[in-house]
Amino acid sequence: MVHIALKASRFLYQHSEALDFPIAISGCVTCVFHSGISSMKEINSKMVSNLCTLAPNGEPCITDSFSASEDPDTSSMSVKSTPEIEKKFVHHVYDAIAPHFSSTRFAKWPKVATFLSSLPSGSLVLDAGCGNGKYLGLNHDCFFTGCDISPSLIKICSDRGHEVLVADAVNLPYRTGFGDAAISIAVLHHLSTENRRRKAIEELVRVVKKGGLVLITVWAVEQEDGSLITKWTPLKEKYVEEWIGPGGPFTRAPSSLSLESISESEESSSGEHMKVCNDSKLSRDLKEEKNMKNQQEYFVPWHLPYHRAEVSGASAHALATGLATKDDKKGAVVYNRYYHVFSEGELESLATGINNARVVDQFFDKSNWCMILEKMS
């Protein structure tokens, strides 16, 4: 117990100025070392409750996030503004499935564990997009803090005693040079624009010290199990309306094919019309085939068993609003999660434009593209 208290005091006194929560941190010091009553777990819960509110339908929602960036030119409001597709098919989904999702997330990826275990003793590590917190505290010689966009997942972390808060990956509430290392595991592929993905990487680099390392992993287009992709829904034209809005990557383009009526006499006079139709169909088929090969935007289903869905009213609301569907054969409520799966070299390309960072390693692991960056200045 003494060892834990000493570690906590070292963490708080060394790093309190690096956070944008001086009052909350000060409160932790007071409660731990003076009152002897309140626990760190209780402090965590209070911090989470301050950042979360309940919507009229009972679902948790996130209060406006704030930026610790000192330079307003480093990110535009359009990048920070969350597109509707992320709100509906990432934020709301993970809030609804959080307990079930957490129950399936316990195994640590060996490469991530190796990275964390290699960090020097006493390192302060930020897990941006920590989920249920399975990597928080993995290296007992380091100090960990995490953040996630989902209040429901953050509550799970808080209940486990982790130092966590609700935050957006493109707008981290930590000061520049906050930690010694940072990780972002399976997060960037939920961001729907290239600018937001790049901004998230810039934020990870910003919040570590000079010489600090950043590990990033994302789902790859090149899946080892090709059959998985057949279970995903490609984002086709009928889903484009979900992308229209602040920060959306594109808007619906007018169709390049003009449909004109052809009189019966013209159609019967020659076979030319049939040839034109066949050529048009062939062109559309080839275009569709090319789009499928280049497809990187998907809806990936999550099957929430009925007995799990009944725990919260979130699923009933999702079904009523069309955010989820029922699969009676599998006995589950089906949620679609948005993913932008990365092609080879794409992750490295995003990091290339960051002046104060260099790629020190990149590799493919378990259908994921992975990259380690070092902050240079």
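Residues numbered from 1 in each chain as written. Predicted model: local features only at pLDDT ≥ 70, side-chain atom pairs only at ≥ 80, totals over all residues. Heavy atoms only, no water.

1. Comments concerning the overall build of the protein
For clarity, the threshold we go by: Strands are runs of DSSP state E lasting at least two residues, helices are runs of H or I lasting at least four, and both sets are numbered from the N terminus onward. Residue contacts are counted whenever heavy atoms from the two residues lie within 4.5 Å of one another.
Assigned secondary structure in the protein consists of 13 helices and 13 strands. Sequence separation of at least 24 residues holds for 70% of the intrachain contacts in the protein that already meet a minimum separation of 6.

2. A closer look at the nonpolar core
We count it as follows: Buried Ala, Val, Leu, Ile, Met, Phe, Trp, Tyr and Cys residues form a nonpolar core when they are joined through side-chain atoms within 4.5 Å. Summary of the burial criterion: residues with accessible area below 20% of their type's maximum are buried, those above 50% are exposed, and those between are partly exposed, where the area comes from a 1.4 Å probe applied to protein chains only.
If you look at the biggest cluster of nonpolar residues, it comprises 35 residues, and the most contacted ones within it are Ile201 and Ile216. Elements with a minimum of two residues in this core: strand 3 (124-128), strand 4 (143-148), helix 8 (194-206), strand 7 (208-219), helix 13 (346-352) and strand 13 (368-375). Residue contacts for Ile216: discarding those within four places in its chain leaves Ser184, Leu188, Ile201, Leu204, Leu347, Trp369, Cys370, Met371 and Leu373. By size, the runner-up hydrophobic cluster in this structure holds 29 residues, among which are Ala98, Trp232, Tyr338 and Val341.

3. Some points on the pairing of strand 11 (residues 332-340)
Every other side chain in a regular strand lies on the same face of the sheet, so the side chains alternate between the two faces. Rules: Any two strands are treated as partners once DSSP identifies two or more bridges connecting them.
Among the 9 residues in strand 11, 8 count as buried, and that is most of the element. With 9 bridges joining them, strand 9 (residues 297-305) and strand 11 adopt antiparallel strand pairing. Within strand 11, the position partnered with Tyr298 by the bridge is Tyr339. Strand direction decides the pairing type here: strand 10 (residues 324-327) and strand 11, joined by 4 bridges, are antiparallel. Its bridge partner lying in strand 11, Asp327 is registered against Ala332. The loop that links strand 10 with its antiparallel partner strand 11 comprises 4 residues; one of these, Gly331, has a positive phi angle of about 60°.

4. As for the pattern of salt bridges
Stated formally: Should a side-chain nitrogen of Lys or Arg be within 4 Å of a carboxyl oxygen of Asp or Glu, the pair is scored as a salt bridge.
Under the counting rule described, the total for this entry stands at 8 salt bridges. Between Lys87 and Glu84 there is a salt bridge, with its nearest N and O atoms 3.3 Å apart. With Lys87 and Glu84 both in helix 5 (residues 84-103), this residue pair falls 3 residues apart, about one helical turn. On the basis of relative accessibility, which here comes to 33%, the residue Glu84 falls in the partly exposed class. With its nearest N and O atoms 2.8 Å apart, the salt bridge here joins Arg206 to Glu203.

5. What about the environment of Tyr94?
The test is simple: A 3.5 Å cut-off defines polar contacts: any pair of N or O atoms within that distance qualifies, except that in protein one atom must be a possible hydrogen donor and the other a possible acceptor, and neighbouring residues in sequence count only when both atoms are side-chain atoms.
By secondary structure assignment, the location of Tyr94 is in helix 5. Each C-alpha atom, one on Tyr94 and one on Pro151, is 9.2 Å from the other, the two residues being 57 residues apart in sequence. Apart from residues lying up to four places away in sequence, Tyr94 is in contact with Phe101, Ser150, Leu153, His190, Arg337 and Tyr339. Polar contacts involving the side chain of Tyr94 include one to the side chain of His190, which spans 3.1 Å.

6. With respect to the packing of helix 5 against helix 7 (residues 151-159)
Heads up, the rule is: Each axis is a line fitted through C-alpha atoms, and for a helix only the stretch in contact is used; angles between axes span 0 to 180 degrees, taken between their N-to-C directions. Residues are grouped as follows: Ala, Val, Leu, Ile, Met, Phe, Trp, Tyr, Cys and Pro are nonpolar; Asp, Glu, Lys and Arg are charged; all remaining types, including Gly, are polar.
Axis separation between helix 5 and helix 7 bottoms out at 7 Å; the angle between their running directions is 35°. Contacts between helix 5 and helix 7 pair Tyr94, Asp95, Ala98, Pro99, Phe101 and Ser102 from the former with Pro151, Ser152, Leu153 and Ile156 from the latter. Within the contact of helix 5 with helix 7, the residues separate by chemical class into 7 nonpolar, 2 polar and 1 charged.

7. Details of the confidence of the model for the protein
Test applied: Each residue carries a pLDDT score, the predictor's confidence in it, ranging from 0 to 100.
Here the protein averages 76 in pLDDT, and 64% of its residues register 70 or above. With pLDDT under 50 throughout, residues 244-271 is counted as low confidence; its partners more than four residues away or in other chains account for 26 contacts.

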